[in-house]
Amino acid sequence: VTSTGGVGLNAESCMTFNGNSLTVGGLNSNAGSCSTIAGGFSNSIGSKAKSFIGAGACNSIQTNCSIIGAGLCNTIASGYANYSTIVSGFRNDIIGYSYGGFIGAGSTNDVYGRNSIVVGGALNCTNGYGCDFVGGGTNNKIAGYGGNVIVGGSNNCVKDNYGFAHFIGGGSRNHIDSAYGSANSILGGSCNCICNAGSSDTINQTTIVGGFKNTASVSSANGYTACPTRGFIGGGECNRITNPFDF
């Protein structure tokens, strides 16, 4: 260990302390204030404050007060993603207006939206206003106003304009798109859909438990539009409800 003559300290060229930031490992780059890279290879922290990379390779932080624990090629990008965390995994990204975003592990998961979470899995994505949650699975997507949940499964999707608090438990290719509606649920099954016919239609508090190709949707006849609010489908195949309290 050698002193630079000032506040600097070097150890075998693999540890550098410049007075307020510590960098350990090979080819790591740390331009942050009060930031630390504890190990790994080719990791980088931009000119931001109080961020931390624990280990891994090719991980990058460009925001304040953020953490990447380990993994490979994970990124917390510049913008409004302060106070975000990626625990580990491969090619996971927190980008855009994602203040307080979190990715636990997995690969190629994306978080966009404040306080949104992807726990793990692969190719999962939140892209909404915020407070969305994907537990795991593969290729599950949330895009909407906020507070939506997909626990797992594959190719499930929640999409709305200003609705919130939708839930998909699992299964595959289940879809909720209810425009301004809220609190709709698909617990499982395959290819089930709670969907609107137009941008101003509202479906609320409707549930599909499971089954295959079951649908809750808006119907129109003679100038009258009906929405299946508080509707229920327990299971089966190719069932459809269109009116309030249908089951």
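As a reminder, the structure under discussion sits directly above these lines.
Just so it is clear, the model here is predicted, and its values are computed rather than measured.

Calculation notes
- Residues numbered from 1 in each chain as written.
- Predicted model: local features only at pLDDT ≥ 70, side-chain atom pairs only at ≥ 80, totals over all residues.
- Heavy atoms only, no water.
- Helix = DSSP H or I, 4+ residues; strand = E, 2+ residues; numbered from the N terminus.
- Buried < 20%, exposed > 50% of the residue type's maximum accessible area, 1.4 Å probe, protein only.
- Contact = heavy atoms within 4.5 Å.
- Polar contact = N/O pair within 3.5 Å; in protein donor to acceptor, adjacent residues only side chain to side chain.
- Core = buried A, V, L, I, M, F, W, Y, C linked by side-chain atoms within 4.5 Å.
- Phe/Tyr/Trp six-rings, centres within 6.5 Å; stacked < 30°, edge-to-face > 60°.
- Pairing = 2+ DSSP bridges.

Undergrad: What is the right way to read the overall build of the protein chain from this model?
TA: Looking only at helices and strands, the protein chain has 0 helices and 31 strands in total. Here the protein chain holds 247 residues, and the buried ones make up 41% of them. Relative to all contacts within the protein chain whose residues are 6 or more apart in sequence, the contacts with residues 24 or more apart total 6%.

Undergrad: Is there a simple way to think about the environment of arginine 91 in this case?
TA: For arginine 91, the location among the structural elements is in the loop between strand E12 (85-86) and strand E13 (93-96). Under the relative-accessibility criterion, arginine 91 is labelled partly exposed at 45%. Expressed as a C-alpha distance, the spacing of arginine 91 and glycine 71, which sit 20 residues apart in the sequence, is 8.4 Å.

Undergrad: What exactly am I supposed to notice about unusual backbone geometry here?
TA: With glycine set apart, most residues show a phi of negative sign, and most peptide bonds adopt trans. Its identity is not glycine, yet cysteine 58 carries a phi of approximately 60°, on the positive side. Take cysteine 58: it is sitting in the loop between strand E8 (52-53) and strand E9 (60-61). For cysteine 58, a relative accessible area of 39% corresponds to the partly exposed category. If you check the backbone angles, cysteine 65 has positive phi at about 55° while not being a glycine. Its place among the elements puts cysteine 65 in the loop between E9 and strand E10 (67-68).

Undergrad: Where do I start with the side chain of asparagine 92 in this structure?
TA: By the element assignment, asparagine 92 lies in the loop between E12 and E13. A relative accessible area of 0% means that asparagine 92 is categorised as buried. Of note is the side chain of asparagine 92, whose polar atom sits 3.0 Å from the backbone oxygen of glycine 106. Among all residues touching asparagine 92, those that are not within four sequence positions of it are Cys73, Asn74, Thr75, Ile86, Ile103, Ala105, Gly106, Ser107, Thr108 and Asn109.

Undergrad: Hey, could you run me through the nonpolar core in this one?
TA: Where a protein is soluble and globular, its nonpolar side chains tend to be buried together. By size, the foremost hydrophobic cluster in this structure holds 27 residues, and its most contacted members are Ile76, Ile94 and Ile194. With residues up to four places along the chain from it excluded, the contact list for isoleucine 76 reads Ser60, Ile61, Gln62, Thr63, Ser66, Ile67, Ile68, Ala81, Ser84, Thr85, Ile86 and Ile94.

Undergrad: Which parts of the structure should I look at to understand the packing of aromatic side chains?
TA: All told, the structure shown has 3 aromatic pairs when counted by the stated rule. With a centroid separation of 5.4 Å and 5° between ring planes, the pair formed by tyrosine 129 and tyrosine 145 is classed as stacked. Of this pair, tyrosine 129 sits in strand E17 (residues 125-130) while tyrosine 145 is found in the loop between strand E19 (141-143) and strand E20 (149-150), placing the two residues 16 residues apart along the sequence. Judged by its relative accessible area of 43%, tyrosine 129 is partly exposed.

Undergrad: Just to check I follow, could you spell out the pairing of E17 for this structure?
TA: Of the pairings in the sheet, the one linking strand E15 (residues 110-114) to E17 comprises 4 bridges and is parallel in character. Within E17, the residue paired with tyrosine 112 across the bridge is asparagine 127. As judged from the 2 bridges shared by E17 and E19, these two strands associate in the parallel manner. Its bridge partner being in E19, threonine 126 is matched across the sheet by isoleucine 142.

Undergrad: Please clarify how the environment of isoleucine 45 should be interpreted in this entry.
TA: Within the element layout of this structure, isoleucine 45 appears in strand E7 (residues 44-45). Look at isoleucine 45 and you get buried, because its relative accessible area is 2%. Spatially, the C-alpha atom of isoleucine 45 lies 9.7 Å from that of isoleucine 76, the residues being 31 residues apart in sequence. Discounting chain neighbours no more than four positions away, the residues touching isoleucine 45 are Ser29, Asn30, Ala31, Gly32, Ser35, Thr36, Ile37, Ser51, Phe52, Ile53 and Ile61.

Undergrad: What's the story with the environment of isoleucine 61 in this structure? I'm lost.
TA: Positionally, isoleucine 61 belongs in strand E9. Taking the relative accessible area as the measure of exposure, isoleucine 61 reaches 0% and is therefore buried. A sequence separation of 18 residues divides isoleucine 61 from asparagine 43, and the C-alpha atoms of the two residues are 8.6 Å apart. Other than its neighbours up to four places away in sequence, isoleucine 61 contacts Ser44, Ile45, Gly46, Ser51, Phe52, Ile53, Ser66, Ile67, Ile68 and Ile76.

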